[in-house]
Amino acid sequence: MPTDNPLIITAALVGAEVTRDHTPYIPYTPDEIADEALRAFNAGASIAHVHGRRPDGSPTQDRDTFQAILEAIEDRCDIIVQFSTGGAVGMDVEERIQALDLKPPMATLTTGTTNFGDDVFFNDWPTITTIARRLKRFGITPEIEVFDSAFIDNARRLIDMDLLEPPLHVDFVLGVPGAMTASERNLDFLIDGLPHGSTWSVAGVGRHQFPMAQAAIERGGHVRVGLEDNIYLKKGVLAQGNAPLVDAVVQRARDASRPIASVDQARQILGL
Ligand code: KMH
Ligand code: ZN
């Protein structure tokens, strides 16, 4: 794989699990999330992966909240907005995908069930196909979230059913307790199993964020960072927002002579 291709950086701005008890820098309101999107964009991110939060910080996939987030981000910058369809553990599928009629350019599609810390992130076959059909209906480009290797086999099955159109864009989420370990060996195994022509990124969780980012930079893949996945810039030092995490990836890319993708380049690479 080429290693001088432009690097797409996704900023996972907020997620569903991190709260102000963990870090004061996590955004909650649509304006706070959009301000974080702008800072991440200015630091070099071309995709903003978003979840919704209520004012008290609890996770929500509420359509009005997503509309407010989308509009607030679009008012500020050109970053590609990617809706989460994962939401939070325990949400049912219709709750998770209620905002997709807003037709964001991208949204996630997790193609399997995984243990998720003490919880289960539930994605049985009816859930997966319901989300895939909705994405197809609204012409939204999916990013396939892969927590374990069978999720790639399930994505292939969706291609066979005409619910996914190759080439795929896949994000490997590695290091979640209960799912696949964040190791270079596992990353290489997963890359090897992708359908021909796929693009991929890796989201290393917690302390695995930067080692996995480095591995992706070296392999010609793309990178997801952000407070959803990791709140520390280094051991014991909280990242003061998403932009410092993006910036740390930009520095690593520079050291490896990987150019950073502009939003237009990211759109072209992803066929948006
Ligand atoms: N919050 C996790 C249970 C996604 O955004 O698509 C699921 C998640 C995946 O974050
Ligand atoms: Zn997410």
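So, here's what we can say about the structure.

**Some words on the site of ligand 1**
No. 1: Inspection of the region around ligand 1 gives E17, H49, H51, S84, G86, G87, V89, T108, F116, F121 and E228 as its neighbouring residues.
No. 2: Backbone polar atom of G86 to an oxygen atom of ligand 1: 3.4 Å apart, as the coordinates give it.
No. 3: In this structure, E228 approaches ligand 1 through a side-chain N or O atom, which is 3.0 Å from an oxygen atom.
No. 4: For ligand 1, whose unbound accessible area comes to 300 Å², protein coverage reaches 98%.
No. 5: Tallied by class, residues from the shell around ligand 1 come to three nonpolar, six polar and two charged.

**Points about the sheet that holds strand β11 (residues 199-204)**
No. 1: An order of β1-β2-β5-β6-β9-β10-β11-β12 is seen for the eight strands of this closed barrel, with the pairing classed as parallel. Taken over all neighbouring pairs, the strand axes of this sheet differ in orientation by 25 degrees on average, direction set aside.
No. 2: Sheet topology places strand β1 (residues 9-12) next to strand β2 (residues 47-50); three bridges connect them, and they run parallel. Looking across to β2, one finds that A12 is bridged to H49.
No. 3: Helix-sheet contacts for helix α7 (residues 209-219) involve β10 (169-174), β11 and β12 (222-225), and the interaxial angle to β12 is about 165 degrees.

**Quick word on the nonpolar core**
No. 1: Residues V50, F83 and F172 are the most contacted members of the largest nonpolar core, which totals 83 residues.
No. 2: For this core, the element with the most residues is helix α8 (residues 243-255), which contributes seven residues.
No. 3: Apart from the residues within four sequence positions on either side, F172 is in contact with V146, I152, L187, L190, I191, L194, W200, S201, V202 and A203.
No. 4: In terms of nonpolar packing, the next biggest core, distinct from the first, is built from eight residues, I47, M106, A261 and V263 among them.

**Re the side chain of T108**
No. 1: Mapped onto the elements, T108 comes out in strand β6 (residues 106-110).
No. 2: Discounting chain neighbours no more than four positions away, the residues touching T108 are H49, Q82, F83, S84, T85, G86, I131, L135, E143 and E145.

**Regarding the pattern of salt bridges**
No. 1: Overall, the coordinates contain 15 salt bridges when judged by the stated rule.
No. 2: Residue D31 is joined to R76 by a salt bridge in which the shortest nitrogen-to-oxygen separation is 3.1 Å. Taken together, the residues span a long stretch of sequence, with D31 in helix α1 (residues 30-43) and R76 in helix α2 (residues 63-76) at a distance of 45 residues.
No. 3: A salt bridge links D101 to R63, with the nearest nitrogen and oxygen atoms 2.9 Å apart.

**As for the coordination of the zinc ion (ligand 2)**
No. 1: Distances from the zinc ion (ligand 2) to its protein donors, namely H49 (NE2), H51 (NE2) and E228 (OE), fall within the range 2.1 to 2.2 Å.
No. 2: All donors of the zinc ion (ligand 2) come from a single chain, and their spacing in sequence reads H-x1-H-x176-E. With H51 in the loop between β2 and β3 (52-53) and E228 in the loop between β12 and β13 (232-234), this pair connects stretches of sequence that are 177 residues apart. Considered together, H51 and E228 belong to a single accessibility category, that of buried residues.

**Section: the pairing of β10**
No. 1: Across the six residues that make up β10, a large majority, six, are buried.
No. 2: Residues H169, D171 and V173 of β10 are buried on one face, and the alternating residues V170, F172 and L174, pointing to the opposite face, are buried as well.
No. 3: Two elements, strand β9 (residues 141-146) and β10, share three bridges in a ladder whose sense is parallel. Bridge pairing in β10 places E145 opposite D171.
No. 4: Taking the sense of rotation as the criterion, the β-α-β connection linking β9, helix α5 (residues 150-160) and β10 turns out right-handed.
No. 5: Here β10 runs beside β11; their pairing, made up of six bridges, is parallel. Looking at the pairing, V170 lines up with W200 of β11.
No. 6: For the crossover that starts at β10, traverses helix α6 (residues 184-192) and ends in the parallel β11, the hand is right-handed.

Calculation rules
Residues numbered from 1 in each chain as written. Chains lettered and ligands numbered in written order. Predicted model: local features only at pLDDT ≥ 70, side-chain atom pairs only at ≥ 80, totals over all residues. Heavy atoms only, no water. Near = heavy atom within 4 Å. Polar contact = N/O pair within 3.5 Å; in protein donor to acceptor, adjacent residues only side chain to side chain. Areas by Shrake-Rupley, 256 points an atom, 1.4 Å probe, with all protein chains shown as cover. Nonpolar A, V, L, I, M, F, W, Y, C, P; charged D, E, K, R; others polar. Pairing = 2+ DSSP bridges. Helix = DSSP H or I, 4+ residues; strand = E, 2+ residues; numbered from the N terminus. Axes fitted to C-alpha atoms, helices over the stretch in contact; angles between N-to-C directions. Contact = heavy atoms within 4.5 Å. Core = buried A, V, L, I, M, F, W, Y, C linked by side-chain atoms within 4.5 Å. Buried < 20%, exposed > 50% of the residue type's maximum accessible area, 1.4 Å probe, protein only. Salt bridge = Lys/Arg side-chain N within 4 Å of Asp/Glu carboxyl O. Donors = N, O, S within 2.8 Å, 3.2 Å for Na, K, Ca; no water. Right-handed = clockwise from strand over helix to strand, strands pointing away.

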